[in-house]
Amino acid sequence: MHVTTPNLITIERHILDQERQNPEATGQFTRLLYQLAYASKVINREVRRAGLIDILGTTGDVNVQGEAVQKLDAIAQETFFNAFDHIGVLCCMTSEEVEDIINIPAQFDLGKYTLAFDPLDGSSNIAANVNIGTIFSVHRKITPGRDGRAEDLLQPGRRQVMAGYVMYGSSTMLVYTTGKGVYGFTLEPSIGEFLLSHPDIRVPEHGNVFSCNMGNYGHWSEGTRKYVDNLIAPDAHPGQTYTSRYIGSLVADFHRTLLYGGIFMYPVDYKDPKKPKGKLRMLYEASPMSFIMEQAGGAATNGIEPILDVQPKGLHERTALFIGSRQEVTEAGEFIRQFG
Ligand code: AHG
Ligand code: MN
Ligand code: MN
């Protein structure tokens, strides 16, 4: 009997196919994506063990620095740094976990790209075994000279050359775009390969899910509150009712919005002076997710203007975020324009 193996498209094959379509490709992208897939598999393995580490406290292992096994954020940070510092593709990095710009160690070659990343998104959900993720964003170097500078990282999101995320959920998925559509890969653990499972993801023009932390409702602007009031008012949208879903991990709330449609929002929360411009960080949360959402046919704003048009000023700059189906994001913007 002739057994046909399904036509499995691994992320490596997908990357090579994309490279072939891109005559000026130098292979630097390919190396970057290979390492992103590799780092994701390593973090995935640690995430799957996290419960044990938490239950047992530390595992009793001692790492090379002689320290007890660290928490997952730090493990994810270290895994990402070690996966990219030596590949000769980057000129610098920035991470949610590191205050200053991350330079490439002197012994390694410098490349022409920058990497901004949130090594572990949704950390507050780890102990509850709820979906968490990793987010990444790549820009081309724009300053003269070989060393990376903050200006190479502080670019409007519209100039990104690659963005993506990994979600560690009931299955582990890697979703990315290089500006030619959005592609989703699911990890097949038995062979350790990311397989193409969602070719060319498109967000629905409209969706009936809204996602936000209603605990902050009392501290939003009047326009934001009126928008949400209008979503749940019984007769506001004849023929359609909205439902509320909120996981508290951006990667998970975003992924559901990307596939099902609707809106995710983290508005400015006026109660907390530490978050004058919102909670989510521009470079490694809002900007990459907005690039993906626009590539999938959706929209992303800070309530006033497209996220991708904003010129960031600081590595850890925060922003409000309204992201999802074009219909819902546009309507939110109309309320904020009218009521502030
Ligand atoms: P991180 O764990 O990387 O700090 O990100 C947490 C973010 C984001 O994942 C999520 O959308 C948001 O925090 C949830 O904030 P609240 O708990 O305030 O709703
Ligand atoms: Mn995050
Ligand atoms: Mn994080």
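First, a word on what this report is: a plain description of the structure on this page.

Conventions used here
Each chain carries its own residue numbering, running from 1 in the written order of its sequence. Lettering for chains starts from A, numbering for ligands starts from 1, and both go in the order in which the items are written. With the structure being a predicted model, the display of local features is reserved for residues of pLDDT at least 70 and the display and counting of side-chain atom pairs for 80 or more, all residues being used for whole-chain, interface and lining totals. Values shown for side chains rest on all heavy atoms present in the structure; no hydrogens or waters enter the calculation. Only C-alpha atoms enter the line fits that serve as axes; for helices the fit covers just the stretch in contact. Angles between N-to-C directions range over 0 to 180 degrees. A run of H or I in DSSP becomes a helix once it reaches four residues, and a run of E becomes a strand once it reaches two; helices and strands are each numbered from the N terminus. Our angle categories are set so that under 35 degrees counts as roughly parallel, over 145 as roughly antiparallel, 65 to 115 as roughly perpendicular, and the remainder as oblique. Throughout, a crossing is termed right-handed when the near helix is turned clockwise from the far one, and left-handed when it is turned anticlockwise from it by less than a right angle. Residue contacts are defined here by distance: any two heavy atoms, one from each residue, within 4.5 Å place the two residues in contact. Charged means Asp, Glu, Lys or Arg here, nonpolar means Ala, Val, Leu, Ile, Met, Phe, Trp, Tyr, Cys or Pro, and polar covers whatever is left, Gly included. Here a donor is any nitrogen, oxygen or sulfur atom (N, O, S) within 2.8 Å of the metal, with 3.2 Å used for Na, K and Ca; water is not among the atoms considered, so some sites may look incomplete. For each residue, the accessible area found with a 1.4 Å probe, counting protein chains only, is set against the maximum for its type, and the residue is called buried under 20%, exposed over 50%, and partly exposed in between. Any two strands are treated as partners once DSSP identifies two or more bridges connecting them.

1. Describing the packing of helix α6 (residues 250-260) against helix α7 (residues 282-295)
Viewed as axis vectors pointing N to C, α6 and α7 meet at an angle of 15°, and their least axial separation amounts to 12 Å. Taken together, the axes of α6 and α7 lie roughly parallel to each other. Where α6 crosses over α7, the two elements pack in a sense that is right-handed. In contact with Leu250, Val251, Phe254, Thr257 and Leu258 of α6, α7 contributes Glu285, Met289, Ile292 and Met293. Residues belonging to the contact of α6 with α7 are distributed by class as follows: seven nonpolar, one polar and one charged.

2. Re the coordination of the manganese ion (ligand 2)
Within the first shell, the manganese ion (ligand 2) binds the protein through Asp118 (OD), Asp121 (OD) and Glu285 (OE), at distances of 1.9 to 2.1 Å. In terms of primary sequence, the donors binding the manganese ion (ligand 2) are separated according to D-x2-D-x163-E. In this structure, the manganese ion (ligand 2) lies 3.7 Å from the manganese ion (ligand 3), and both are coordinated by Asp118. Within this pair, whereas Asp118 is found in strand β3 (residues 113-121), its partner Glu285 is found in helix α7, the two being separated by 167 residues in sequence. Judged by its relative accessible area of 0%, Asp118 is buried. Among the residues examined, Glu285 registers a relative accessible area of 2% and is labelled buried.

3. As for the environment of Gly133
On the secondary structure map, Gly133 appears in strand β4 (residues 132-140). With 122 residues separating them along the chain, Gly133 and His255 place their C-alpha atoms 10 Å apart. Setting aside chain neighbours within four positions, we find Gly133 in contact with Asp118, Pro119, Leu120, Asp121, Val166, Met167, Tyr168 and Val251.

4. Some thoughts on the sheet that holds strand β5 (residues 162-168)
With respect to topology, eight strands assemble into an open sheet ordered β2-β1-β3-β4-β5-β6-β7-β8, the strand pairing being mixed. Edge positions in the sheet fall to β2 (98-103) and β8 (193-198), since each has one partner strand and no second. Each neighbouring strand pair of the sheet contributes to a mean axis angle of 20°, computed without reference to strand direction. Each of β1 (90-95), β2, β3 and β4 is contacted by helix α3 (residues 72-84), which is oriented at about 160° to β3, the strand it contacts most.

5. Focus: the coordination of the manganese ion (ligand 3)
Surrounding the manganese ion (ligand 3) are the protein donor atoms Glu96 (OE), Asp118 (OD) and Leu120 (O), which sit 2.0 to 2.2 Å from the metal. Counting residues between consecutive donors of the manganese ion (ligand 3) along the chain gives the motif E-x21-D-x1-L. By relative accessible area, Glu96 is classed as partly exposed at 23%.

6. Details of the sheet that holds strand β15 (residues 321-324)
Overall, mixed pairing links the five strands, which are arranged β10-β9-β11-β15-β13 in an open sheet. Here the strands that pair on one side only, and so sit at the sheet edges, are β10 (243-244) and β13 (299-301). Across three bridges, the pairing between β13 and β15 is antiparallel. Looking at β15, one finds that Thr301 is bridged to Phe322. Across the sheet, helix α5 (residues 222-232) is in contact with β9 (209-211), β11 (263-266) and β15; its angle to β11 comes to roughly 150°. Relative to β15, helix α8 (residues 326-339) is tilted by about 150°, and along the sheet it contacts β11, β13 and β15.

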